[in-house]
Every structure is written in structure tokens, then in C-alpha cells.
Amino acid sequence: MPNVSHDTLHGFLPGRPKALNRALDLLDLGIPPGVTTETLPTDASGAPKMFTRQMDSVLRVVRPDGRDPFILLVEAQTGIEPKKETSWPYYVAYLRDRYKLEVVLLVLCVDTATAAWAARPLRTGLGRPTQVTVPHVLGPSNVPRVSRVQDASADLDFAAFCLWIHSNDPDIEGILTVVGEALAQDTDREARDDLAGLIEDGLGSEHARKIWRNVMETLFTPRRGTIVGDARLAGREEGREEGRVKEKTERLLHLMERRGLSLTEETRQRVTTCADAPLLDLWFDRAIDATTLDEVFAAPSSTDRVPAPAQSPEHTAVPSQGPTDPGPSAD
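On to the pairing of strand β2 (residues 57-62), then. The side chains of a regular strand alternate between the sheet's two faces. Within β2, 5 of the 6 residues are buried, leaving the element largely enclosed by the surrounding structure. In this sheet, β2 lies alongside strand β1 (residues 36-40) in antiparallel orientation, the contact comprising 5 bridges. Note that in β2 the partner of Thr37 across the bridge is Val61. Bridging between β2 and strand β3 (residues 70-77) involves 5 bridges; their strand directions are antiparallel. Within β3, the residue paired with Leu59 across the bridge is Leu72.

Printed below as a string of C-alpha cells:
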């Protein structure tokens, strides 16, 4: 079933020809290094579309000499899924007919049981098979296990791919540590942060993700005073805050509509472009009893409970609450 780790697994190699070439080498297809790729549509529904058939990743692969291009269909399997026994042969036939090129079906598996299932020939027909589909499979048994920092450093992209394939390994902590130490040697911080985030996305279990976060903290905090995931975590928090603001704007607009307040396009624009969560809360509180939009959008007064970050100091002075409060100073 598609999820973040599934999508990361099949979507990683297409954009990284060097790592893709190393993966193809494991299949012993005789593909020389230096291939180039073109991403192709993944919709195999046909026409008319009675129901959706969506492949994972589809590439047109061109060899360095330009000869004998072929179609590479990459499917990620994190578990046994019997319906693929009929959909994979269909995908291969569809791609062969559409592009008139040879088709290679590559299935990526993160455990040996799924890999063994995926490698079985898929036959259809009576007596002598009419069609036989034999997937190529990369799984824990034929993908190298990253155990040395120097090997991971030589190709960090391929190391990340190998890490995901072995994500169910009993010593996943050791593998993550090796890759983390190799990543720590990368001086390109932006590329390092991006790959660190992708590695986390590709890990299928929360247990492995926690180990990875701990590895990142241990390796990067002493040297730089931060962790590789700082930018990524900040982005997630920013995304969560944007989600909260969006929810507040939707609730406010809904309330004003229910109250019968006249909403012009200008009013909607004012609400939807406001990123100040406390101010949106204030407008919502006012909209509960307001009879006009002017009452909702009036400038905050000293009696309005608007947190300091949302307003300038002169708007957020707190009225005196006791003898120890000096009160507002005179200008």
C-alpha cells in the first residue's frame, strides 16, 4: 500500500542515474555505466478509464552509446500483495505495446519473504503458458549490506538505497550509524540535509526512524551545534503552524457566514491571507456576537486578549493588576 516509505523507495533511484546504474549491475543485465533516464507517465489505465491503474515509477533508460533504450518499471513492495500477480503482467504488456521497447520489471523488497514471493514467474494460459512474466528482484539477499563508512561515503545515494532494502535487518542501528558517519563527512550541508530527510522518509518503521534521529543528534550536535534535520524539522513545524492557521481561517469564515455577515471578496482575502493566529482568534471571538464586519475587524484595544507576538508593544500593554505593576510609562 502506498505510503511515504513506499514512495521514497521506488522514487529514489530514477533521479540518481549513478545509483541506478549500480542497482542494475546487481541484476547482471550487462548495462554499461553512464545511463541517462527520462521519467515517463505512470498511469496505465488505458482508455476509456474504467478504473485507475497506477504504476510506481516508469523510466526510459538510454545507454551511453544511445543504442537499445528500454523501459524500466520500478515497483516497491514492503509486503506480499497477491493482486500484483495480475497487475504486473498487465503493466509489462501495456508498456511494451505503448513504447514498442523492451520492458524490465524491477521489484524492490525490504524483506526476504516478500522478495521470494515477488521473484516467482507469473504464468497465464492453458497448458503451454501464453504469457510468462518474471520480475527482477532486489532485496536483502542480493543488495549489499552497508557495513563500512568508506563504502557508504563512496556513493551516499546508493548507500541510502541499500539501507532501505535492509531496514528490517536485526542490526539496523549499526547500518544507520555507518551511513550517518559517512553522511557526516559530506561538506555540502544542503545536500546532506536533503538526503538525511529522505533516509528518514524511506524507513518503514518508527523504531528505525527514532534510531536515525538519535544518530543524527549524536553525530552532528558536537560539531556544528545543530543536527542535520534542523531545517527539515523546522519545516515540519512551519507546516503544522500553517495548517493551524488555515483551520482558523476556515472556522472564522464559516462562523461569519452562519451569522449572516456580508462577506465580500475583499473580506475573504483579508481573512485567508492573515497568518497571525492570535489575531484570527480575536476575530473569531468577536464574530460570535458582532452584527457588522466593522466590529469584527476593529483595531485591537487594550481590553483585547491578543498575545504579545501578534501585536506591537503599544497594543499589548497589560493593564495594572496590583501594586507591584508599574503600569504603562508616559511617553
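The strands making up a sheet are joined through hydrogen bonds of the backbone, oriented either antiparallel or parallel. If you trace the 5 strands from one edge of the open sheet to the other, you get β1-β2-β3-β4-β7, paired in mixed fashion. With partners counted over all chains shown, the strands left at the sheet margins are β1 and β7 (136-138), one partner each. Going across the sheet, the axis of each strand differs from the next one's by a mean of 30°, ignoring polarity.

This next bit is on the nonpolar core. Core analysis: the largest hydrophobic core is formed by 50 residues, its most contacted members being Leu72, Phe161, Ile199 and Trp212. Here the element with the most residues in this core is helix α6 (residues 156-165); it accounts for 9 residues. Setting aside residues up to four positions removed in sequence, Trp212 forms contacts with Leu176, Val179, Gly180, Leu183, Ala196, Ile199, Glu200 and Leu203. Of all hydrophobic cores here, the second largest spans 21 residues; its members include Met55, Val58, Val92 and Val103.

Under the counting rule described, the total for this entry stands at 6 aromatic pairs. Centre to centre, the rings of Trp88 and Trp117 are 5.5 Å apart; their planes meet at 45°, and the pair counts as tilted. Taken together, the positions of Trp88 in helix α3 (residues 84-99) and Trp117 in helix α4 (residues 112-118) put the pair 29 residues apart, joining distant regions of the chain. Plain terms: the ring middles of Trp283 and Phe297 are 4.8 Å apart, the flat faces sit at 85° to each other, and that makes the pair edge-to-face. With Trp283 in helix α12 (residues 277-287) and Phe297 in helix α13 (residues 293-297), this pair connects stretches of sequence that are 14 residues apart. The two residues Trp283 and Phe297 agree in class, both being buried. The structure contains a cluster of three or more aromatic residues connected by ring pairs, namely Tyr90, Tyr91 and Tyr94. Between the NZ or CZ atom of Arg251 and the centre of the ring of Phe284, over which it lies, the distance is 4.3 Å.

What follows covers the environment of Ala152. Its location among the elements puts Ala152 in helix α5 (residues 149-154). As for Ala152 and Val179, which are separated by 27 residues in sequence, their C-alpha atoms are 6.0 Å apart. Beyond its immediate sequence surroundings of up to four residues, Ala152 is in contact with Val146, Ala159 and Ala182.

According to the stated counting rule, one finds 15 salt bridges in the structure shown. Arg120 is paired through a salt bridge with Glu85; the nearest N and O atoms lie 2.7 Å apart. Taken together, the positions of Arg120 in the loop between α4 and β5 (122-124) and Glu85 in helix α3 put the pair 35 residues apart, joining distant regions of the chain. Linking Arg145 and Asp169 is a salt bridge whose minimum nitrogen-to-oxygen distance equals 3.2 Å. Taken together, the residues span a long stretch of sequence, with Arg145 in the loop between β7 and α5 and Asp169 in the loop between α6 and α7 (172-184) at a distance of 24 residues.

Before going further, it helps to examine the packing of helix α1 (residues 4-12) against helix α8 (residues 189-202). Contact geometry for α1 and α8: axes closest at 7 Å, N-to-C directions at 125°. For the element pair α1 / α8, the angle class is oblique. Residue-level inspection shows Val4, Ser5, Thr8 and Phe12 of α1 in contact with α8, the latter providing Leu195, Leu198, Asp201 and Gly202.

Residues at a pLDDT of 70 or more form 82% of the chain, whose mean pLDDT is 81. Least confident of the elements in the chain is helix α10 (residues 230-258), whose mean pLDDT is 71; most confident is β7, at 97. Across residues 307-331 the pLDDT falls below 50, and counting only partners more than four positions away or on other chains, this stretch makes 16 contacts in the model.

The subject of this paragraph is the pairing of strand β4 (residues 102-109). Across the 8 residues that make up β4, a large majority, 7, are buried. Bridge analysis of β3 against β4 gives 8 bridges, and the strand direction is parallel. Counterpart to Leu73 in the pairing with β4 is Leu105. Assessed by its sense of winding, the connection that carries the chain from β3 through α3 to β4 is right-handed. Summarising the sheet, β4 and β7 pair through 3 bridges and their orientation is parallel.

What counts as what
Residues numbered from 1 in each chain as written. Predicted model: local features only at pLDDT ≥ 70, side-chain atom pairs only at ≥ 80, totals over all residues. Heavy atoms only, no water. Buried < 20%, exposed > 50% of the residue type's maximum accessible area, 1.4 Å probe, protein only. Helix = DSSP H or I, 4+ residues; strand = E, 2+ residues; numbered from the N terminus. Pairing = 2+ DSSP bridges. Axes fitted to C-alpha atoms, helices over the stretch in contact; angles between N-to-C directions. Core = buried A, V, L, I, M, F, W, Y, C linked by side-chain atoms within 4.5 Å. Contact = heavy atoms within 4.5 Å. Phe/Tyr/Trp six-rings, centres within 6.5 Å; stacked < 30°, edge-to-face > 60°. Lys NZ or Arg CZ within 6 Å of the ring centre and 35° of its normal. Salt bridge = Lys/Arg side-chain N within 4 Å of Asp/Glu carboxyl O. Parallel < 35°, antiparallel > 145°, perpendicular 65-115°, else oblique. pLDDT = per-residue confidence, 0-100. Right-handed = clockwise from strand over helix to strand, strands pointing away.

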